[in-house]
Every structure is written in C-alpha cells, then in structure tokens.
Amino acid sequence: MKILNKVLPLAILTVCTAAIGYAQNVAVKSAGNVSNVQISGQQVKLTTENAFAEVTVYSPSVIRVRMDKQPLQPSFSYAVITKPQPSKVSINQDENQLNIVTDSVKLVISKKPYSATFYTLDGNIISQDEKGLTTSWVNESVTTYKHMQDGERFIGLGEKTGNLDRKGSGYTNWNSDTFGYRTDQDPIYSTIPFYIGIHHNLNYGIFFDNTFQSDFNFGASNNRFSSFGARGGEMNYYFIYHKHLADIISSYTTLTGRMKMPPMWSLGYQQNRYSYYPDTEVYRIAQTLREKKIPADGITLDIHYMDKYKVFTWDKNRFPDPAKLTGKLKDMGLHLTLIVDPGVKTEAGYPVYEDGVKNNIFIKYADSTNYTGQVWPGWCHFPDFTSDKGRSWWHRQVKKYADVGVDGIWNDMNEIATWGQKIPDNVLFSYEGKNVSHLQGHNIYGMEMARASYEGYLKANGNKRPFMLTRAGYAGLQRYTAIWTGDNRAEEDHMLLGVRLLSSLGLSGVAFTGMDIGGFTGNPNVALYSRWMQIGAFSPYFRNHTAVNTKSAEPWAFGEEALEISRNFINLRYRLLPYLYSTFYQATQSGNPVVRSLAIDYTFDPKIYETQFQNQYGFGNSFMVAPFGGADSFGAVYFPEGNWYNLYNDERINGKQEKLTRVTVTKLPVFVKESSIIPMQSLIQSTAEKPTDTLTLHIYKGNRNNSFVYYEDDGESYDYEKGSYYKRLMTYNASSKQIVINEAEGNRSSKFKYIKIQLHGFDTNEKLSLNGKSLKAKKEFVSLLTPISTFDPQGTDNVAEGGNVQSLIIDNNKGRMVLNY
C-alpha cells in the first residue's frame, strides 16, 4: 500500500481518470448534442443524444420549453388553461444553432451541446442556460441550470417564507401541514413554481409546470447558477418576457387563469375562531358585533360544528337547526362559512363513508385497496379529486351545505394532512385517468379539492357566487379559491412575515389572500393585536382567527382602546369598499394583485429590497402601507419615486428618500400616491346595508398622469359577465390639469346618485370648471379616523387628525365629465 505515497504510474492514472469520468456521465445525464430538428409553424421538435425536446411559441412574449429522456407524451396540465395564440414567428437554423424570433424576444438554441439563451430583440441576454450544465437528469430527477447574472434578484415563488429577494436561498415545493411554522420554514402549505428574475433593468418570469416535488435554487450553496427541477416528470417551463413586471404577471395569469369577481360580502370583516359553538355562542358573537358597531359580514365555524368531526354532518346538540342559524345570521347581515376537510371517517353506517365506498371514489394503494390515514375523526379514506368521478361525488356532498344556506366553504387539511405527515409513495391518484403515484399527485390535491367545492357550489346555487378558501394549492388556484397562510403564530415576526407572504402570492398571480389576523397559535398582547387588525383592514381577505385553548380574540376582548382602534380601521375598510371592489375587478382583468409588492411598480429601485423596507406594500395602485410592530415607536419608511401624502393628515412627502416616522399603536402608517383617485362611500355595518346616495372621490394633486377604473355590479351573481355592470374610466391628467370621468359603460346604473369630489393638496384659489362651466368649491375638513377616547382623565384630549380639502358635489350622470383645475 506504500504506492499511495508515490506518484501513480501514468497508465494507471489514465485508467482511473477515465473511470471517474464514466461514473460522472452515468450519474448525471445531460441532454447532449442536438441531432435532429423539425420545424412546424410556431413549434420546433428537437432530438438530442439523450433527450427529446419541444419548443413552442405561446405568444410573442411566452415561449414553452419541454424536455424528457423519453419521447414526449401528449401535453396535460392542471395549471395551464390556454392554447398557443397565433403569433408572428421567424425560425431559422444552421449547423450550430437554431434561432426563434418573435415580436418581443429571441431564443437561440445552441446545438453542440444543447443550450438555450433568451435575448431581447436588441441583443441583451435576458436568461441563459449555464454552460456545461444546461438541463440534466440524476436518476429520475430533472433540473435546468440558468447562469446567474451579475446582481440578479429573484422574487415570487408563491407562499414562501424568507426575504422578498430570494437570492442566496433554496426552496422545495411539497405541500405540507406545518402547524405554527417557523418564519424561515420551508416548505409550508402551497406550491406555485413561478418566479421572476431581475437584472440589468430587465425582468423575466419562469413558470415550471411540474407537480412532482420541485426544488428551486437561487444561489444557495453555489455562486454559479440558479436552477429549478423536480424529482420526476419532464422538464416543462414557460419563459415570459416583458419590459414591465406587471405584464409578466398578466402573461402568467393568461396561462393559468384569473379569478372571477368574489361575492361582495367576502370582502367584509370575518370573525372566526377554533371554534364557536354551540349555536347560541354564534348568536352571541353576531349580536355583540352589531351592538358594538363593528362592521362585519361573516362568521366561520371550525371543526366543532360536526358530529365527532365527521365531514358533512352537524352535531345536533350544538347545532340542532343549521338552516335556522344561517337564516338568522343573514337577517343580521352575516354569512356563514364552514370548514370542510377531505378525510371521510371509515365508519360503518356513516352515510358519507358508505356512499363513497359504493361509488369507489377514494385514493388507493397499488393493490386497489383504499388508502387509510388518520386525521380528526380517526381513520379516514380520502376522495380522489383528480378524477371527474371523485369531484362529481364531492359536488353532491357540498350541496348539503348550500341547501341550508351556508355561503362559504373553507377547504382545510388538503395538503393532504395526516397524522405522521407521511402518505406512502405507492398511493395512487387518477390524475384524469393517467393513474399516477402520490409523488406526482400530492401537490395538486389541495387545488383540486378547492375546485371540486367551487364547482359543487356553482351547481347547487347556479348564478350565485360562492366563497372558497383553501390552505393548500397549486399554480392556477386563483381560478377557484382564495388562500390564507395557515396556522401562524401570535408573534411580531409572524405578522410581518404574513405581509411578505401575501406580497409573494400576489407576485405569483393570486390576488385574493389573507392571514389569520392576531395569530392562530398563542396570545397576542394588546399592541400586537391592534397593529394586526390595522394591517388586516389593508388585506384582501380580512379574517380574525385564533386557535382552541387561546384567549378570546374578538375586538372587544383586548380592552376599550384596542376595540376603538380595531373599529376605526374596520370602519375605514368599509368606507373603502368601492376602491377595494374596483381593485378586485382589475385583478380579474389583468391578474395583478390587490396586495402589491413594491417590486411591481419600482422593480429596479434597490431600496425596496432592503430588509428594513421589504415589508412595505401597495394596497391597490393608490396606497402604500408601511407595517411596523405593535410596540414600535419610530421606524424608517422608504418613499419611492414621486410624491406621497400621509393618508391621515395630507402631509406631502417627496419620494426617493428614507424618512424616520413616528409610529403609534393607534395608527398604521399608510400613504397615498400622488395623482390617485380613491372612491369611498358612507359607513355601513355590512355589505347587505346600502350606503348613502353619494360616492366620494378623493383626488390627490400630483405631477404624473394616472387612471382608475371604477366598477360596480350586484355583488352576488355572475350577471356582470352578461353586461350587467357599471364601469367608468377616471383619469388624472397632470399636464393638461384635467380630471376626466369618462362615459359609463355597462347596462347597470350606479347605486350612487351624486359624486362628491374632494381635492387633496390643491390650492384654495384653484379655478375649477366642469365641462366648461365654472364651479366654486367649498373648504372642508376631512378626517378618516375617529379620535381614540381619552381613557386617562389627566391626559390631553385626542383631537381629530385630518386635512383641509376643496369639496364639490355633482350629479352622477352617465355622460363624460371633465373637471379643469
């Protein structure tokens, strides 16, 4: 063995080197050289030494790349619902490369070996495969490696913890039940394998459509590449390029679909707990909301409404008459949402179980026996939502809830969650007749459950919009459901993480999002609870929720000051409903979110990615929210380019600067972007109540042009798809000093007879005219919050905070109105 201490003979060294190289080639199989190219219209089929590939132009800005070790099978996706659109495409090749050019992007595929590089039309590299790595396989796992550009940032990827900029981190997609998850835990509940890369004033999106466990690496443990891959299936990704990040989100949601208008009531405040029971307790909560003048639209029941936690049952002692319960709540302007889990208890004589066995709709082991796992009711079978038969069976079950007046379904435990969290790999899912293992069916299960509930409610209620909420999902979930961020903790860092989760989900095409306000596990202190309620008012889904064996978390449970703070911001939320509803309408049209990461509008401003500013977000296009902890007394706020107004007192702030801001427990820092048009209404106690006949437009003076699409419909049906809506484009033209309210569209009349225009930041001597006719505005003091009571008799009086505006009232006719200033 002394030879180890000496130089190896050259022949032996050569043999060993060759052996090592051979082992590497066996362990990692790359695509290799391109051997054959077939061009057909907008599609190119490639054969390489070790793979088969297909490149398809989906639109001028979207190119799909597929690759597998075996011939590609017919395309199928739960996420993508669109086909390639006819596009102008130029395709040419020589012996070294293939060029695919659209009106927006150029793809160059090198042939020796295979490698893909995406360019702008003027020749700048947007994204390129890492040379020497490109796409390769390790056993059945497939990964594509992209060269990491200098200064490249990565954002999105759905419900992922961590920083806004994901550079230096790695992530796994495997939907998991993560009770009380850490703020750095990964994975958690849902899978959206779509991210956006940013570098050199360019941005692009990559959607990796593969339901196996997938992994993304944005420079974690390496300084060479970013990568995405999966533990099985094919390499299948969509490359999206636009100059503006918002357009990338729009193209992604063109592929995966957009939400429909939600029921108006689901945008109101929702009071939840694990759990409210019996029915007299539900009535008490409802009555207290009304007595204390806390606007609300919903109450949610957790698992204790069921008979021994068996799905589609009621505990007859606790809830003897569900239809009476929902009827009384609706008389009070409140809607009922129920939790529904997928597990069906294996109990002889239990009708749901017996019917499921009879119809053979449960997921199975490879030997055709039903899989059994343990959850709340005990041992359970699980419906196969990846089959039409399983979904149709579920439709019939959820109808039982619709028939007694339940308006919302909360799809929970659908990761699938089981005690032990280890469903065997050999459990089979139909996957629309393809019969796949748990490895491929797991990540899609939650979305397909939400889909089945949504479709079931459509069948039961026809033209009435259902409300769906889910914990787990996959790309495209926005077509069926809202999502919330699961079992968080009553801690400051969880509150701020929740803000980033909503921002990231928004970047990933999901507009209707929320978190458990106040924290699910543990007990918040008064300051934390108060701040979280304020943030909740500026969230798409405003749901207060806490766990069993925690203190009560209704607004009145934290004392009079917390009650007044909470009521102040819930009131503000209800006054802002015209703005919020119109913002949701925009989400249905463009796919862009309600909670807007500042990266959408200020993509290339490095300040917004700094950890001290990464929690700031837009609420629609007009507001910027700056969340802080409940105990913070001062904090730095970054104001991006442009001018800004303090929402509460109209203080004007110049952009492109950091500003130290005083923070109090009574008020969430919120700012308004210059030139904004914000519609508001009078205060109501629920969306079942009509506001007064005047719509107030708050218009903020600015130096930039802006527009806002105002939208109304009946708030509960799909008649808007047939033209029953009221919509008008409102524009702010800074150069011509005009505010234009364009002609109304749609065959519905507005619910508002008058428009009150309140001009913020305008000079008192502005000469105003409407359609050429001079108008005289009156000075008016506007305050959006009610002063908190002076609980200490020796303290100073709290005065109303606000600003002076120029105010005028005009008739809300359907014609075009031009206000000159």
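Right, let's walk through the structure included here. (Residues numbered from 1 in each chain as written. Predicted model: local features only at pLDDT ≥ 70, side-chain atom pairs only at ≥ 80, totals over all residues. Heavy atoms only, no water.)

## A word on the sheet that holds strand E44 (residues 706-712)
Phase 1 of the analysis: Taken in spatial order, the six strands of this open sheet run E44-E45-E46-E52-E48-E49, and their pairing is antiparallel. The strands lining the two open edges of the sheet, one partner per strand, are E44 and strand E49 (773-775). Each strand of the sheet is rotated relative to its neighbour by a mean of 20°, with strand direction disregarded.
Phase 2 of the analysis: Here E44 pairs with strand E45 (residues 726-733) via seven bridges, running antiparallel. Counted as the bridge partner of Val 709 is Leu 729 from E45.
Phase 3 of the analysis: Across the sheet, helix H11 (residues 577-590) lies against E44 and E45, angled at about 100° from E44, the strand it touches most. (Pairing = 2+ DSSP bridges. Helix = DSSP H or I, 4+ residues; strand = E, 2+ residues; numbered from the N terminus. Axes fitted to C-alpha atoms, helices over the stretch in contact; angles between N-to-C directions. Contact = heavy atoms within 4.5 Å.)

## Details of the pairing of strand E52 (residues 817-820)
Phase 1 of the analysis: When strand E46 (residues 738-741) meets E52, the two strands line up antiparallel, connected through four bridges. In the strand pairing of E52, Gln 738 is matched with Asn 820.
Phase 2 of the analysis: Two strands pair when backbone bridges link them, and strand E48 (residues 768-770) and E52 are joined in this way by two bridges, in the antiparallel orientation. If you follow Leu 770 over to E52, its bridge partner there is Leu 819.

## Comments concerning a nonpolar patch on the surface
Phase 1 of the analysis: Together, Tyr 309, Trp 376 and Trp 419 give the surface a local cluster of nonpolar side chains, amounting to about 290 Å² of exposed area.
Phase 2 of the analysis: Positionally, Tyr 309 belongs in the loop between strand E21 (298-301) and helix H4 (322-331).
Phase 3 of the analysis: Take Tyr 309: its relative accessible area is 31%, and that puts it in the partly exposed class. (Patch = residues over 30% accessible without salt bridge, like charges linked within 9 Å, V, L, I, M, F, W, Y side chains within 5 Å. Areas by Shrake-Rupley, 256 points an atom, 1.4 Å probe, with all protein chains shown as cover. Salt bridge = Lys/Arg side-chain N within 4 Å of Asp/Glu carboxyl O. Buried < 20%, exposed > 50% of the residue type's maximum accessible area, 1.4 Å probe, protein only.)

## Focus on the sheet that holds strand E43 (residues 694-700)
Phase 1 of the analysis: Read from one edge of the open sheet, five strands run E42-E43-E47-E51-E50, paired in mixed fashion. Two strands bound the open sheet, and with one partner strand each, they are strand E42 (677-680) and strand E50 (778-782). Pairs of neighbouring strands in the sheet enclose a mean axial angle of 35°, with direction left out of account.
Phase 2 of the analysis: Alignment of strand E47 (residues 754-760) against strand E51 (residues 803-811), held across six bridges, turns out to be antiparallel. Following the sheet pairing, Gln 758 is matched in E51 by Ser 807.

## Quick notes on the nonpolar core
Phase 1 of the analysis: Judged by nonpolar contacts, the single largest core of 202 residues is most densely connected at Leu 301, Tyr 305, Tyr 401, Phe 538, Phe 623 and Leu 647.
Phase 2 of the analysis: Those residues in contact with Phe 623 that sit more than four places away from it in its chain are Phe 538, Leu 576, Tyr 579, Tyr 617, Gly 618, Leu 647, Val 670, Phe 671, Val 672 and Ile 678.
Phase 3 of the analysis: Grouped together as the second largest cluster of nonpolar side chains are 42 residues, Val 34, Val 37, Ala 53 and Ile 126 included. (Core = buried A, V, L, I, M, F, W, Y, C linked by side-chain atoms within 4.5 Å.)

## Notes on the packing of aromatic side chains
Phase 1 of the analysis: Within the structure shown, the criterion is met by 64 aromatic pairs.
Phase 2 of the analysis: A centroid spacing of 5.0 Å and a plane angle of 75° characterise the contact between Phe 512 and Phe 584, whose relative ring orientation is edge-to-face. One end of the pair, Phe 512, is in the loop between helix H8 (492-507) and strand E32 (513-517); the other, Phe 584, is in helix H11, and 72 residues separate them in sequence. Each member of the pair, Phe 512 as well as Phe 584, carries the same accessibility label: buried.
Phase 3 of the analysis: For the pair Tyr 732 and Tyr 821, a centre-to-centre distance of 5.9 Å together with 35° between the ring planes defines the contact as tilted. (Phe/Tyr/Trp six-rings, centres within 6.5 Å; stacked < 30°, edge-to-face > 60°.)

## Describing helix H10 (residues 560-575)
The α-helix advances 3.6 residues per turn, and as a result positions three or four apart in sequence lie on the same side.
Phase 1 of the analysis: In this model, H10 (16 residues) spans 22 Å end to end at C-alpha, consistent with the 22 Å of a helix rising 1.5 Å per residue.
Phase 2 of the analysis: Taken across its 16 residues, H10 has twelve buried, putting it largely inside the fold.
Phase 3 of the analysis: For H10, the elements touching its buried residues are helix H9 (526-537), strand E33 (541-544), H11, strand E35 (617-619) and E42. (Expected span 1.5 Å × (residues − 1).)

## Side note on the packing of H10 against H11
Phase 1 of the analysis: At a minimum axis separation of 5 Å, H10 and H11 run at an interaxial angle of 60°. By the angle between their axes, H10 is oblique relative to H11. Between H10, through Arg 573, Tyr 574 and Arg 575, and H11, the contact on the second element is made entirely by Leu 577, Pro 578 and Leu 580.
Phase 2 of the analysis: Residue composition of the contact of H10 with H11, by class: four nonpolar, no polar and two charged. (Parallel < 35°, antiparallel > 145°, perpendicular 65-115°, else oblique. Nonpolar A, V, L, I, M, F, W, Y, C, P; charged D, E, K, R; others polar.)

## Some details on unusual backbone geometry
Phase 1 of the analysis: Geometrically, the link from Lys 112 to Pro 113 is a cis peptide bond, its omega value of -5° lying close to zero.
Phase 2 of the analysis: The residue Pro 113 is located in the loop between strand E8 (106-111) and strand E9 (114-119) in this model.
Phase 3 of the analysis: In this chain, Asp 186 is followed by Pro 187 through a cis amide linkage whose omega measures 0°.
Phase 4 of the analysis: If you trace the backbone, Pro 187 turns up in the loop between strand E14 (170-173) and strand E15 (194-199).
Phase 5 of the analysis: Unlike most non-glycine residues, Lys 293 shows phi in positive territory, near 55°.
Phase 6 of the analysis: Structurally, Lys 293 can be placed in the loop between helix H3 (279-291) and E21.
Phase 7 of the analysis: Look at Asn 549: it is not a glycine, yet its phi comes out positive at around 65°.
Phase 8 of the analysis: Following the sequence through the fold, Asn 549 ends up in the loop between E33 and H10.

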